[in-house]
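Below are the chains, spelled out letter by letter.
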Amino acid sequence: MGLFSGFTRRKFLQGAAAGAAAAGGLMPGASLGATAVPPGKKLFKDVELTYFQDSNWLHSPLWLSPHLMKEAGVGIKSREMYDGGDAVAKILPQLLSRRPRFDWVQFPSLFFGAFAETGQLEPLDDYFAQYAGSQDYLDWVMPAYREFYTKWDNKTYGVMLDGDIHILHYRNSYFQDAELRSKFSKRFQRELEVPKTWLDFVDATQFFTEELSSQGVYGTSMVVNPPNFGWGFWMDIAASAGVNYFDENMNPTINQGKAAESLDIYKEIIKFGPPGAEAMDIGTTIQRWQSGSDVMSVWWIDLSEFTVQQQGPELAEDQRGAIVPGWLNDDGSITNRAISLWCRTASIPKNIPQDVKDAAFYFIYRMSHPDYSNEMVADEYCGSDPYGKTHYGDAAAQLYLQANPQRGTDNELWSTNAGIFKNFETAKNHLDAGLANVEVGYPQFFWEGTPEYADALGRNISKAVSGELTSQQALDEAAEEWAQIAQKLGLDSQKRQYKNFIDGARALGYKI
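Reading the values: the criteria
Residues numbered from 1 in each chain as written. Predicted model: local features only at pLDDT ≥ 70, side-chain atom pairs only at ≥ 80, totals over all residues. Heavy atoms only, no water. Phe/Tyr/Trp six-rings, centres within 6.5 Å; stacked < 30°, edge-to-face > 60°. Helix = DSSP H or I, 4+ residues; strand = E, 2+ residues; numbered from the N terminus. Buried < 20%, exposed > 50% of the residue type's maximum accessible area, 1.4 Å probe, protein only. Lys NZ or Arg CZ within 6 Å of the ring centre and 35° of its normal. 1 Å grid on protein atoms, 1.4 Å probe; cavity = no way out; pocket = protein on both sides within 12 Å on 5 of 7 lines; lining within 4 Å. Points joined across faces, edges and corners; volume = space filled by probe spheres on them. Nonpolar A, V, L, I, M, F, W, Y, C, P; charged D, E, K, R; others polar. Pairing = 2+ DSSP bridges. Axes fitted to C-alpha atoms, helices over the stretch in contact; angles between N-to-C directions. Contact = heavy atoms within 4.5 Å. Polar contact = N/O pair within 3.5 Å; in protein donor to acceptor, adjacent residues only side chain to side chain. Arc of directions from axis to C-beta.

Description of the packing of aromatic side chains
Applying the stated criterion across every chain yields a total of 59 aromatic pairs. With 6.0 Å between their ring centres and 70° between their planes, Phe-148 and Phe-446 make a pair best called edge-to-face. Taken together, the residues span a long stretch of sequence, with Phe-148 in helix 6 (residues 143–149) and Phe-446 in the loop between strand 15 (441–443) and helix 19 (450–466) at a distance of 298 residues. Between Tyr-442 and Phe-501, the ring centres sit 6.2 Å apart and the planes meet at 75°, which makes this aromatic pair edge-to-face. With Tyr-442 in strand 15 and Phe-501 in helix 21 (residues 491–507), this residue pair connects regions lying 59 residues apart in the sequence. There is no split in this pair, since Tyr-442 and Phe-501 are both buried. Sitting over the face of the ring of Trp-289, Arg-171 holds its NZ or CZ atom 4.0 Å from the ring centroid. Residue placement shows Arg-407 over the ring face of Trp-63; its charged tip is 5.3 Å from the ring centre.

In structure tokens:
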């Protein structure tokens, strides 16, 4: 199994129980300008493609295949699935081969730079230029994803398929409970509100745990394991405090500034968690949220989506989302940063025939395009989170309440089709919270060395959580390991690759 093999959050979709509703014909969302297909003309001669995807992403290419075959003469022949943590082991040998087994590949975006750096991904800018309206599409992709997970050295090598982001999930009833509000006000001399800062979050976590733990309810469960993902939850805090990964000369900065202070806050949150909080894993946080055992959860946006149908109406309609807490600055302002951890990109290998490249590009472009993806991201059997501008807003929220017209239920892979949410306000709040966090989205590291960097940082953070090291010692150890990794991989190469991160961050207005 790979380094990230414990990451199984979307597998919880497989057990979703919901009423089935038969779907009608395809009803694309609003188009971005000119259509990509000349009316009445097929672009390809019934080309069937083979693709690779990570096993947690689910099935949208399969149900879109007949639509795109009818539209342009390109569809899916077969797919090969791999564990997301095995992406490098499964994909890299194929990219480097004379004839890869796949015609396009979907992979977690944290490996995007490593694959682009091989020189074996097909540059896509000229392909986009062939289609009217493609610039509108590129502008439609949210900058927090476009700037990092599709571009490399000023060229486009990827198409976005999934926009992961952390948000703050919470149970509204606890914040509205009159008795709890009165107790909190007397204790903290302020009103009980959804936390705006990380120190507020610590107070709320402690308060709810102390008031409700006798009922089996705790303030929050913070992800620690697997360590190669746990670091991202610390980074929500650290990035809001101004901590970055490296300086421009590739010297690690994860142990500088307010880094140790942010790790102290992370540890303080964990201290008030449920039994086993020091080793809390992703799967357990899902189960706890689904059962109503936590008042708050800093998690990916889709936590509420794939647990809602197992929660029952009372719990389902009680969940809300908000922007992740932020760092309180000396001038009273608050800086929020939400990590866009994981995400998914689609790319085309360079070493395949040109006619297959043309067909593969068309397929992934149209799949990503809002004509199809507006409905796709709102489908419980897709596994994609919003990544484009029309994936947010009232019209987008409405799609979460209804059957996806792209498919029926006559397939064991997608046996229900009745929408994810039952209440428009729940769906709207879900997307409003996602958008607020995307607008302050902070990128993961995504260049060569990502698995090593993630392991070193997460492993040492775990040592701080367990008390084996102080916060400063743990981050110093991680920084030393990072320096060794950068040297091993070639400092000049790492600095050049890291520039993609710097350029993207500055394009979003971050001071790097």
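Things to note about empty space enclosed by the protein
Counted according to the given criterion, the structure contains 8 cavities of 30 Å³ or more. Around the second largest cavity sit Ile-167, His-169, Ser-304, Gln-319, Arg-320, Gly-321, Thr-426, Asn-429 and His-430, which together line it. Listing elements by their share of the lining of the second largest cavity, those giving two or more residues are strand 7 (166–171), strand 10 (319–322) and helix 18 (424–438). Grouping the constituent residues of the lining of the second largest cavity by class yields 1 nonpolar, 7 polar and 1 charged.

Structural notes on the sheet that holds strand 3 (residues 104–108)
Taken in spatial order, the 5 strands line up as 2-1-3-14-6 in an open sheet, and their pairing is mixed. A strand with exactly one partner marks an edge of an open sheet, and here the two such strands are strand 2 (74–82) and strand 6 (159–162). Taking the axes of each pair of neighbouring strands and ignoring which way they run, one obtains an average angle of 25° across the sheet. One ladder, built from 4 bridges, connects strand 3 with strand 14 (residues 344–347); its direction is antiparallel. Note on strand 14: the bridge partner recorded for Gln-106 is Ala-346. Helix 15 (residues 354–368) contacts strand 1 (47–54), strand 2, strand 3, strand 6 and strand 14 of the sheet and is inclined by roughly 45° relative to strand 6.

Looking at the side chain of Gln-53
One can find Gln-53 in strand 1. Reaching out from Gln-53, the side chain makes a polar contact with the side chain of Tyr-51 at a distance of 2.9 Å. Filtering out sequence-adjacent residues up to four positions away, Gln-53 remains in contact with Leu-58, Arg-79, Glu-80, Met-81, Tyr-82 and Gln-106.

Regarding helix 8 (residues 178–188)
Of all the positions in helix 8, only Leu-180, Phe-184 and Phe-188 are classed as buried. Burial along helix 8 is one-sided: seen end-on, the buried residues are contained in an arc of 40°. In helix 8, those exposed residues whose orientation departs by more than 90 degrees from the buried face are Ala-178, Glu-179 and Lys-186. Where the residues of helix 8 are buried, they touch helix 7 (172–176) and helix 9 (198–212). By the N-cap criterion, in which a side-chain oxygen at the helix start approaches the backbone nitrogen of a residue two or three places on, helix 8 is capped by Asp-177, the distance to Glu-179 being 3.1 Å. The positive-phi residue at the C-terminal boundary of helix 8 is Gln-189, with phi of around 60°.

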